[in-house]
Amino acid sequence: MTARDPGEVGALRVAPSILSADFGRLGACVAEVDAETDWLHVDVMDGHFVPNVSLGPPVVASLRRYSERFFDCHLMVSEPGRFLEAFARAGADGCTVHVEVGGTDALIDQMRGLGLRVGLAANPDTPFAAVEPYLARIDLLLVMTVVPGFGGQSFMGEVMDKVAAARAAIDAGRLALDLEVDGGIDPVTAPRAVAAGANVLVAGSAIFSRPDPLGAAGALRAAAAAAR
Ligand code: DX5
Ligand code: ZN
């Protein structure tokens, strides 16, 4: 399957997280927010790296019939190398693995070999130094703004120092890298993340748990754009 265009590196992007959508009508939920979706964020949890389970490649394959957007698959799993090929075959465009699981160089090589856009994630308590050595080899750095595992948690403002450090390194190195934040992002917190240097905003409950998800995504975009 051909990967969809991720768009210009560094552009402001809204990435609705389907974790907070109604899984019984997932296709309709995704279609409903399509006009305000730059990337669709797909949260994959294995019950081991995080204390929750969510979905796997069959759901990605099914969703491909409902969306032509870039699928940004966030693998909160202990052994992502076992599943990368299945996600690529299912229609993932980018995959993000966590630096905490180790074996990062090999995982980057594997993602590249599969034609995936390459993402690397860091948990809130993981220092910037843990991801810094990989910045020149990846397309996306995901700085978690909650401890991963569940939607609907509160934004951790203390992580903004790490976002700012990442933005400084990206700019200083003229690196072609997107900087994503995920967790507790809403129209109040998004401007803070954007001011610190983030350009990709993942939001689950602030979009799908609202009565008007499309309007909520638009409001998030407007609030973020005002902070650029
Ligand atoms: C957290 C996930 C997030 C989550 C965000 O483990 O990686 O993508 O869905 O949900 P909200 O926006 O509700 O914090
Ligand atoms: Zn996520």
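Residues numbered from 1 in each chain as written. Chains lettered and ligands numbered in written order. Predicted model: local features only at pLDDT ≥ 70, side-chain atom pairs only at ≥ 80, totals over all residues. Heavy atoms only, no water.

Comments concerning the packing of aromatic side chains
Taken as a whole and assessed by the stated rule, the structure comprises one aromatic pair. Between Trp 39 and Phe 70, the ring centres sit 4.7 Å apart and the planes meet at 35°, which makes this aromatic pair tilted. Here Trp 39 is found in strand β2 (residues 39-45), whereas its partner Phe 70 is found in strand β3 (residues 70-76), with 31 residues between them in sequence. Across the pair, Phe 70 and Trp 39 agree in class, each one buried. Here the guanidinium or amino end of Arg 64 rests over the ring plane of Phe 71, the centre of that ring lying 3.5 Å away. (Phe/Tyr/Trp six-rings, centres within 6.5 Å; stacked < 30°, edge-to-face > 60°. Helix = DSSP H or I, 4+ residues; strand = E, 2+ residues; numbered from the N terminus. Buried < 20%, exposed > 50% of the residue type's maximum accessible area, 1.4 Å probe, protein only. Lys NZ or Arg CZ within 6 Å of the ring centre and 35° of its normal.)

Re the site of ligand 1
Taken together, 21 residues sit near ligand 1, with Asp 43, Gly 149, Asp 182, Gly 204 and Ser 205 positioned nearest. One of the side-chain N or O atoms of Ser 17 is found 2.9 Å from an oxygen atom in ligand 1. Contact with the protein chains hides 100% of the accessible area of ligand 1, taken as 380 Å² for the molecule alone. For the shell around ligand 1, the secondary structure elements donating two or more residues are β2, β3 and β8 (200-203). If you tally residues by element for the shell around ligand 1, the top one is β2, at three residues. (Near = heavy atom within 4 Å. Polar contact = N/O pair within 3.5 Å; in protein donor to acceptor, adjacent residues only side chain to side chain. Areas by Shrake-Rupley, 256 points an atom, 1.4 Å probe, with all protein chains shown as cover.)

Topic: the environment of Pro 211
Relative to the helices and strands, Pro 211 is located in the loop between α8 (205-208) and α9 (213-226). Exposure remark for Pro 211: the relative accessible area of 84% places this residue in the exposed category. It is 31 Å that separates the C-alpha atoms of Pro 211 and Val 163, two residues lying 48 residues apart in sequence.

As for the environment of His 48
Within the secondary structure, His 48 is located in the loop between β2 and α2 (57-63). According to the relative accessible area criterion, His 48 is exposed, its value standing at 63%.

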